[in-house]
Amino acid sequence: MIGGPRCLAGLDVGSTSTTAVLVETGPGWDTPAEQVRVLGVGVAHTEGVRNRNVTHIEAATESVREALRDAEDMAGIEAGIVYAGIAGEHIDVGSSSGVVAVSGEEIDQRDLDRVHEVARAIVIPPDRELLHAIPQDYAVDGQSGIQDPRGMAATRLESEVCVVTASSPACQNLRKAIDRAGYRIEELVFSPLATSLAVLSDEERQAGVVLLEIGGAATELTVYRDGRLYLVATLPWGGVTVTNDIVKGLGIPLADAEDLKRNRGSASTGAVGEDEKLEIVGPTPGRTREVSRELLAHIIEQRLDEMFGLVYEALEEKELLGALPGGVVLTGGGASLEGIVDLAQTVFNMPVALGQPGAGLGGVVEATRDPRLSTATGLAVYGQMRARETGGGMALRTFSRLTDWLRDFF
Ligand SMILES: Nc1ncnc2c1ncn2[C@@H]1O[C@H](COP(=O)(O)OP(=O)(O)OP(=O)(O)O)[C@@H](O)[C@H]1O
Ligand SMILES: [Mg+2]
């Protein structure tokens, strides 16, 4: 055990919902299954965010306050510090490399630290911020493909680092919204990385896996291979796209379409009974009419089929289709639709699973078991790793394999 308990929150300001997961870390750290104890969860409707950028500080501040207060009320304790997610088209993922001469007989941690330092020493334009520098691959005396070069005899060490940068104004506006809500931001974290901490296992990342987080305005596509981040892309469609199709297809208001999708929607026409009926408003005000549930399912299925088809083509183009035994993991609020796993399985012809956060966590885990809480939960897990790193002197390697994967994130 190191230090006392510490509270922190993962906060995800999404385009439709703002979610917070409050966790306690501290006593019990030696028990891997209880590394993170969930104390509270909060969800608020997001205002003041467009295209994943804060466009109205006051409104976004209110959403942040509401989500965190909800989580604090449930936990009966204050959040302390906040790890917030950031995503959007302004994020840039690139790579950089560094070379150093090995100082002793064999490569040690200091050599790794030095080579990372060199690789991450890139010129960042004044309007961008460096979020992460993640070592991807090492080469030892010209031999590449080395995952952990420590202990190897060599004279020259090279490292390839994945560099994630974000637009400074986007970061600043998000920070302002959180700051004005009265919380201390410890770090901004690229959301898909946090999400993967909540819903992917180390084995899946090692085998090769696709993570598809279907949000409101966007979908994040992340591919891992050999334990490394391989591909990141933001696709400009999400749950809102599906809802808009229902608005057009059935001629009903947005709020009704959203309700209908959540409560009666299905992504699989075949799974819906032919005689199932729905009552919807219109066509004239004050009147209602009956439509078949199959029609609603058909609208949803068509759009998702098209969306998944685009992802399939992207994977095919990168020759990844046969290279991902971990299959596809669907998460994000948009993945809550009934029948979505079956539909994805048909399109991808790969194993598909629903990514529910909560595995390996302690406390009120049940409260986190909702795909729209994946990012906030992952952010809390990330925060716990960081708290550990700064809170005690134990070697990172002894913590967990997850931590191992992340050891040089920072
Ligand atoms: N039970 C449900 N069934 C179907 N769809 C749902 C359900 N719950 C939420 N959604 C959909 O999930 C979407 C929001 O997901 P999520 O909260 O993950 O997005 P976000 O983080 O706010 O947005 P983004 O990631 O794009 O910024 C909405 O479009 C909503 O309709
Ligand atoms: Mg989201």
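Residues numbered from 1 in each chain as written. Chains lettered and ligands numbered in written order. Predicted model: local features only at pLDDT ≥ 70, side-chain atom pairs only at ≥ 80, totals over all residues. Heavy atoms only, no water.

(A) View of the environment of Thr-346. With respect to the secondary-structure elements, Thr-346 resides in helix 9 (residues 340–348). Separated by 70 residues in the primary sequence, Thr-346 and Glu-276 place their C-alpha atoms 24 Å from one another. Within the structure, the side chain of Thr-346 is placed 2.8 Å from the backbone oxygen of Asp-342, a separation counted as a polar contact. (Helix = DSSP H or I, 4+ residues; strand = E, 2+ residues; numbered from the N terminus. Polar contact = N/O pair within 3.5 Å; in protein donor to acceptor, adjacent residues only side chain to side chain.)

(B) Here's a closer look at the nonpolar core. Ranked by size, the top nonpolar core spans 42 residues in total, and within it Leu-11, Leu-68, Val-82, Leu-131 and Ile-178 carry the most contacts. Of all the elements, helix 1 (residues 57–75) adds the most residues to this core, at six residues. Contacts of Leu-131, omitting those with residues within four sequence positions, involve Ile-86, Ile-91, Val-164, Thr-165, Ala-166, Leu-188 and Phe-190. Formed by 39 residues, the second largest nonpolar core is a distinct cluster that contains Val-291, Leu-343, Ala-344 and Met-350. (Core = buried A, V, L, I, M, F, W, Y, C linked by side-chain atoms within 4.5 Å. Buried < 20%, exposed > 50% of the residue type's maximum accessible area, 1.4 Å probe, protein only. Contact = heavy atoms within 4.5 Å.)

(C) Structural detail: the confidence of the model for the protein. Summarising the model, the protein shows a mean pLDDT of 90, and 91% of its residues fall at 70 or more. Segment residues 392–410: pLDDT under 50, and 46 contacts once partners within four positions in sequence are set aside and those in other chains are kept. (pLDDT = per-residue confidence, 0-100.)

(D) Examining the pairing of strand 10 (residues 156–167) more closely. Most of strand 10 is tucked away, with nine of its twelve residues classed as buried. Pairing of strand 7 (residues 92–101) with strand 10 involves ten bridges; the strand directions are antiparallel. When the bridges of strand 10 are listed, Gly-98 appears paired with Ser-159. (Pairing = 2+ DSSP bridges.)

(E) Quick peek at the packing of helix 6 (residues 239–250) against helix 8 (residues 293–317). Running from amino to carboxyl end, helix 6 crosses helix 8 at an angle of 140 degrees, the nearest separation of the two axes being 10 Å. Taken together, the axes of helix 6 and helix 8 lie oblique to each other. As for the relative orientation of helix 6 and helix 8, their crossing is right-handed in sense. Side by side, helix 6 and helix 8 meet where Thr-241, Val-242, Asp-245, Ile-246, Gly-249 and Leu-250 of the first sit next to Leu-295, Leu-296, Ile-299, Ile-300, Arg-303, Leu-304 and Met-307 of the second. Among the residues making up the contact of helix 6 with helix 8, the classes are represented as nine nonpolar, two polar and two charged. (Axes fitted to C-alpha atoms, helices over the stretch in contact; angles between N-to-C directions. Parallel < 35°, antiparallel > 145°, perpendicular 65-115°, else oblique. Left-handed = near helix turned anticlockwise from the far one by under 90°. Nonpolar A, V, L, I, M, F, W, Y, C, P; charged D, E, K, R; others polar.)

(F) Layout of the pattern of salt bridges. Enumeration over the complete set of coordinates arrives at 20 salt bridges. A salt bridge links Glu-220 to Arg-52; its shortest N-O distance comes to 2.3 Å. With Glu-220 in strand 13 (residues 219–225) and Arg-52 in the loop between strand 4 (49–50) and strand 5 (53–54), the pair connects residues that are 168 residues apart, well separated along the chain. For Arg-52, a relative accessible area of 23% gives the class partly exposed. Measuring nitrogen to oxygen at the nearest pair gives 2.5 Å for the salt bridge that ties Arg-303 to Asp-245. Of this pair, Arg-303 sits in helix 8 while Asp-245 sits in helix 6, and the two are 58 residues apart along the sequence. (Salt bridge = Lys/Arg side-chain N within 4 Å of Asp/Glu carboxyl O.)

(G) Structural context of the site of ligand 1. Around ligand 1, the structure places 20 residues, and the nearest of them are Ser-15, Thr-16, Ser-17, Glu-258 and Lys-261. The separation between an oxygen atom of ligand 1 and a polar side-chain atom of Thr-16 is 2.7 Å. One of the side-chain nitrogen or oxygen atoms of Glu-258 is found 2.4 Å away from an oxygen atom of ligand 1. When ligand 1 sits alone it has 650 Å² of accessible area, and the protein chains cover 91% of it. Of all the cavities here, the one that holds ligand 1 is the largest pocket. If you tally residues by element for the shell around ligand 1, the top one is helix 7 (residues 254–264), at three residues. The residue makeup of the shell around ligand 1, split by class, is four nonpolar, eleven polar and five charged. Per-domain counts for the shell around ligand 1 show at least three residues from each of domain 1 (6–89 + 169–202 + 356–406) and domain 3 (203–355). (Near = heavy atom within 4 Å. Areas by Shrake-Rupley, 256 points an atom, 1.4 Å probe, with all protein chains shown as cover. 1 Å grid on protein atoms, 1.4 Å probe; cavity = no way out; pocket = protein on both sides within 12 Å on 5 of 7 lines; lining within 4 Å. Sits in = over half its atoms within 2 Å of the grid points. Domains from an automatic or database assignment.)

(H) Seen up close, the sheet that holds strand 12 (residues 209–214). Here we have five strands laid out as an open sheet, ordered 14-13-12-17-18, and mixed in their pairing. The strands lining the two open edges of the sheet, one partner per strand, are strand 14 (228–235) and strand 18 (352–354). For this sheet the average axis-to-axis angle between neighbouring strands, irrespective of direction, equals 20 degrees. Relative to strand 14, strand 13 runs antiparallel, the two being bridged by seven bridges. Across the sheet, Val-223 pairs through a bridge with Leu-231, a residue of strand 14. Along the sheet face, helix 8 touches strand 12, strand 13, strand 14 and strand 17 (328–331) and points at about 150 degrees away from the line of strand 12.

(I) Structural view of the packing of helix 6 against helix 7. Their axes nearest at 9 Å, the elements helix 6 and helix 7 cross at an angle of 115 degrees. On the basis of their axis angle, the class for helix 6 and helix 7 is roughly perpendicular. You can see that helix 6 and helix 7 cross each other, and the crossing is right-handed. Residue-level inspection shows Gly-239, Val-242, Thr-243, Asn-244, Ile-246, Val-247 and Leu-250 of helix 6 in contact with helix 7, the latter providing Leu-254, Ala-257, Glu-258, Leu-260 and Lys-261.

(J) Examining the layout of surface pockets more closely. Roughly 1200 Å³ of volume is contained in the largest pocket. Around the largest pocket, the lining comprises 48 residues; the ones closest to its centre are Ser-15, Thr-16, Ser-17, Gly-215 and Gly-216. If you tally residues by element for the lining of the largest pocket, the top one is helix 7, at four residues. Along the lines of polarity and charge, the residues of the lining of the largest pocket split into 14 nonpolar, 23 polar and eleven charged. The two domains that each donate at least three residues to the lining of the largest pocket are domain 1 (6–89 + 169–202 + 356–406) and domain 3 (203–355). (Points joined across faces, edges and corners; volume = space filled by probe spheres on them.)

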